[in-house]
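# Results of the structural survey
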Amino acid sequence: MSFVFYILAALTVAGGLAAILLKNTVHCALALTVAFAGLALLFLELDAQFAGFAQILVYIGAVAILVVFAILLTKGSETPTGGVFSKLWPVGLMIAAAVFAVLGWAVLQTAPMLPKAAPAPVVTVQQIGQALVGRYVLPLEIIAVLLTAAMIGAVIIAIHEKEEKR
Amino acid sequence: MTPLSGYLLVAALLFSIGLAGALTRRNAILVLIGIELMLNAANLNLIAFWRYGPHPELLTGMMFAIFSIAVAAAEAAVGLGLVIQIHRHAKTTDLDAMNRMKG
């Protein structure tokens, strides 16, 4: 376990915690961006350069901006009067803690069986491109159809209908 | 502790944080943020297993993570479009206030 890993893990977890604990929704979106950046750096630390840069482009470049747009369009930055947490928040917290307990227990139980340090794989973008249009061409086509359908669907859902047209 | 179990623990912690956010926050956008955190935690698991697995040259885990990123982007676009439309209709994004299925 390297020193860099601990720094990146602390950054990511702190960003995630801040994203769900802060009161102001815009601050939550900024903390979410920090968590995404920490995850991208963890991907780079894992020698997955392509996935790391895809994470930066898609999440920091697109999803975080979309979240900020949605917050500003829905006046979500105003703190509600009844607090930011739901009435049943202890139940949700207990479920999340139970899930973490089970996952952490499973990871620690299987830790001796997990593979030790492996040599860093050398993966070029050319190899990824050839895999995308060779072995994984069907998922690639399905993703293309899904993204087109999602784009059209999002526009149709969010389009502003005039009252008299209904 | 092996490096792989460290990454798995971070992913488990991030997943639980996202789940807690999705279950406890009242704002619908914050629930979507929690779901994004959970998807990202799953991606971290995929990349970590790809890196320390037996055949990284086959790129299986990496491809899965890349497709998962694309699906998450589509999910975010449709989800936030739905939130904007619900806000236009019900004038709120507070999930505790949305207690009717009838428009």
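Residues numbered from 1 in each chain as written. Chains lettered and ligands numbered in written order. Predicted model: local features only at pLDDT ≥ 70, side-chain atom pairs only at ≥ 80, totals over all residues. Heavy atoms only, no water.

## Remarks on the pattern of salt bridges
A side chain with one charge may pair with a side chain of the opposite charge, provided their charged atoms come close. Stated formally: What counts as a salt bridge is simple: a side-chain nitrogen of Lys or Arg found within 4 Å of a carboxyl oxygen of Asp or Glu. By the criteria applied, helices consist of DSSP H or I runs no shorter than four residues and strands consist of E runs no shorter than two, each listed in order from the N terminus. Partly exposed residues are those whose accessible area sits between 20% and 50% of the maximum for their type, while under 20% is buried and over 50% is exposed, using a 1.4 Å probe and protein chains only.
Within the structure shown, the criterion is met by two salt bridges over all chains. Note that Arg51(B) is salt-bridged to Asp47(A), the shortest N-O span being 2.7 Å. In this pair, Arg51(B) sits in helix H2 (residues 28–52) while Asp47(A) sits in the loop between helix H2 (25–45) and helix H3 (49–73), so the two residues belong to two different chains. Judged by relative accessible area, Arg51(B) falls into the buried class, the value being 8%. Residue Arg26(B) is joined to Asp94(B) by a salt bridge in which the shortest nitrogen-to-oxygen separation is 2.2 Å. Here Arg26(B), found in the loop between helix H1 (3–24) and H2, pairs with Asp94(B), found in the segment after helix H3 (60–90); they are 68 residues apart in sequence, far enough to count as distant.

## Concerning the confidence of the model for chain B
Let me state the cut-off plainly: The quantity called pLDDT is the predictor's confidence in a given residue, expressed from 0 to 100.
Mean pLDDT for chain B: 89, with 99% of residues reaching 70 or above. Scored by ipTM, the complex comes to 0.91, with pTM at 0.90.

## Details of the interface of chain A and chain B
Reports of interface size often rely on the accessible area that becomes lost once the parts have come together. Basically, it comes down to this: Any two residues whose heavy atoms approach within 4.5 Å are treated as being in contact. Contacts described as polar in this section are N or O atom pairs within 3.5 Å, which, within protein, must combine one atom able to donate a hydrogen with one able to accept it, while residues neighboring in sequence count only if both atoms come from side chains. Asp, Glu, Lys and Arg are counted as charged, while Ala, Val, Leu, Ile, Met, Phe, Trp, Tyr, Cys and Pro are counted as nonpolar; the rest, among them Gly, fall into the polar class.
Contacts between the two partners involve 83 residues from chain A, matched on the other side by 64 residues from chain B. Our count for the contact surface shared by chain A and chain B stands at eight residue pairs in polar contact (both at pLDDT 80 or more). Elements that contribute at least two residues to the side of chain A that touches chain B include exactly helix H1 (3–21), H2, H3, helix H4 (89–110), helix H5 (125–133) and helix H6 (137–158) of chain A. A class-by-class count of the residues in the side of chain A that touches chain B yields 64 nonpolar, 13 polar and six charged.

## A short note on the environment of Ala154(A)
With respect to the element layout, Ala154(A) can be found in helix H6. You can call Ala154(A) buried: its relative accessible area is 13%. Separated by 104 residues in the primary sequence, Ala154(A) and Phe50(A) have C-alpha atoms spaced 27 Å apart. Non-local contacts of Ala154(A), meaning those with residues more than four positions away in its chain, are made with Ala77(B) and Val78(B).

## Thoughts on the packing of H1(A) against H1(B)
Pairs of packed helices are described in terms of their axes, by the angle between the two and the distance that separates them. Note the cut-off: Axes here mean lines fitted to C-alpha atoms, for a helix over just the part in contact, with angles spanning 0 to 180 degrees between N-to-C directions. Note on terminology: angles under 35 degrees are roughly parallel, angles over 145 are roughly antiparallel, angles of 65 to 115 are roughly perpendicular, and the others are oblique.
In the contact formed by H1(A) and H1(B), the axes pass within 9 Å of each other and the chain directions differ by 5 degrees. Judged by the inter-axis angle, H1(A) sits roughly parallel to H1(B). From H1(A), Phe5(A), Ala9(A), Thr12(A), Val13(A), Gly16(A), Leu17(A) and Ile20(A) reach across to H1(B), where they touch Gly6(B), Tyr7(B), Val10(B), Leu13(B), Leu14(B), Ile17(B), Ala20(B) and Gly21(B).

## So, H2(A)
The following threshold applies: In this scheme, a helix's expected span is set at 1.5 Å multiplied by one less than its residue total.
If you check H2(A), its first and last C-alpha atoms are 30 Å apart, about what 21 residues at 1.5 Å a residue would give, namely 30 Å. If you check which residues of H2(A) are buried, you get Thr25(A), Cys28(A), Ala29(A), Ala31(A), Leu32(A), Ala35(A), Phe36(A), Gly38(A), Leu39(A), Ala40(A), Leu42(A) and Phe43(A). Close packing links the buried residues of H2(A) with H1 and H3 of chain A together with H1 and H2 of chain B. Among the residues of H2(A), the N-terminal cap falls to Asn24(A), whose side-chain oxygen and the backbone nitrogen of Val26(A) are separated by 3.0 Å. After H2(A) finishes, the residue Asp47(A) shows a positive phi value of roughly 60 degrees.

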